[in-house]
Structure formats: C-alpha cells, structure tokens
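One-letter residues, chain by chain:
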Amino acid sequence: MKAKVLVSLALFVGIGAVLHSAIPGFFFGMKPDMMLLMMFLGILLFPDKKSVGLLGMATGIISGITTSFPGGLLPNLLDKPTTAFIFLALLLMMKKYGQTTKGAAVLTAIGTIVSGTIFLTIALLVVGLPGGAAFSSLFVTVVLPTALINTLAILFVYPLVSSIFKRTNMAAQP
C-alpha cells in the first residue's frame, strides 16, 4: 500500500472523528455516525481489500472509543469492518454505477442502514438493549435519520473529493 493512500485514509478517519465529535446528539444524546460517511468515501476512492480492511478497523476503533452509546465499543469494533466489506461487495456488484454520485448516494444509504442494523443487533445481544422495542425506536430515530444525513452529505462531498483526487492522480484506478 502506498504512503499517499495511507495518508488519505488517515485523513478520512481523522475528519470522520472530528465530525463524530462535533455533531450534537439528537435522540437522548445519540449521534449520527458521520465516521461512516468518511469510511464510505475512502472505500469509493480506494476500493481494494487492504484499504477497506484497514479503513474498517481504524474507523471501528476510533468510533468505538468516541461513541456516546453505552457499551458501544464492541459493537463498533465488529460493525465497521463488516460494513466496510459489505459496502465494497455492493460497490463491486454495482461497478458501472457505483462510481457515480447517484450510485455513491444509494450505496451510502444502504451502507448506513446495514451498519446501523449490525450495530444495534450486536448491542442488543451483547450490551443488552431491552428487547425489540429499543431496537425499533433506535433504528427509526437514529439509524434512518443518519442514513438520510449521510446520503445528502455524500451528494456534496463525493463529487468534490473525487474531482480533486482525479486531478491529483491519487484515487485508485478502476
């Protein structure tokens, strides 16, 4: 893996951490997971297994240690790498459309919902959320709004970052 790829991925994780810390909570202190947005952006620009694995693990660790969710470390450590590889698989299946802004938005929406589902399922099993009602209420009040926020954000961020990376020859060549 080249140094410029590592630096770019580190920047995405760092920006995601800042966004994760700066965004206020909106449902009993729960925050939208803006680190997912940066993880997905990194996968869109560097869609190889090594980059995706590294990005998923780094995002999981940073997200886990900065989460406001009680007992959220373990769910984040398991959720982010899993979601990263699911996102990569979806991107590769949608190869023709995945690199477009609309494709990136669709993948981001799906990826955020997948991540939220995995996270809440692990939290329910490990941390002990009180039954399906807690899962449903957190899914509707946190995961779905986060999916909307991330989808809207990727519509603005992806074309901008993608054009910068193309001009500087930094993005992975498909």
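Up top is the structure these notes are about.
Residues numbered from 1 in each chain as written. Predicted model: local features only at pLDDT ≥ 70, side-chain atom pairs only at ≥ 80, totals over all residues. Heavy atoms only, no water.

**A closer look at the overall build of the protein**
Operational definition: A run of H or I in DSSP counts as a helix once it spans at least four residues, and a run of E counts as a strand once it spans at least two, with each numbered from the N terminus. Residue exposure (1.4 Å probe, protein chains only): buried if accessible area is under 20% of the type maximum, exposed if over 50%, otherwise partly exposed. Contacts are assigned to residue pairs that have any heavy atoms within 4.5 Å of one another. A 1.4 Å probe and the Shrake-Rupley method give the accessible areas. Residues count as covered only by the protein chains that appear here.
Per the secondary structure count, the protein includes seven helices and zero strands. When the helices and strands of the protein are placed in sequence order, the string is α-α-α-α-α-α-α. Taken along its principal axes, the extent of the C-alpha atoms in the protein is 50 × 30 × 30 Å. Evaluated residue by residue, the protein yields a buried proportion of 45% over its 174 residues. Counted over contacts in the protein with a minimum sequence separation of 6, partners at least 24 positions apart contribute 72%. When the accessible surface of the protein is split by element, carbon and sulfur atoms take 76% of a total near 8,400 Å².

**Points about the environment of M34**
Mapped onto the elements of the fold, M34 is located in helix α2 (residues 34–45). M34 gets classed as buried once you look at its relative accessible area, which sits at 7%. Linking M34 and S8, residues 26 residues apart in sequence, is a C-alpha distance of 17 Å. Contact partners of M34, with chain neighbours within four places excluded, come to L19, H20, I23, I149 and N150.

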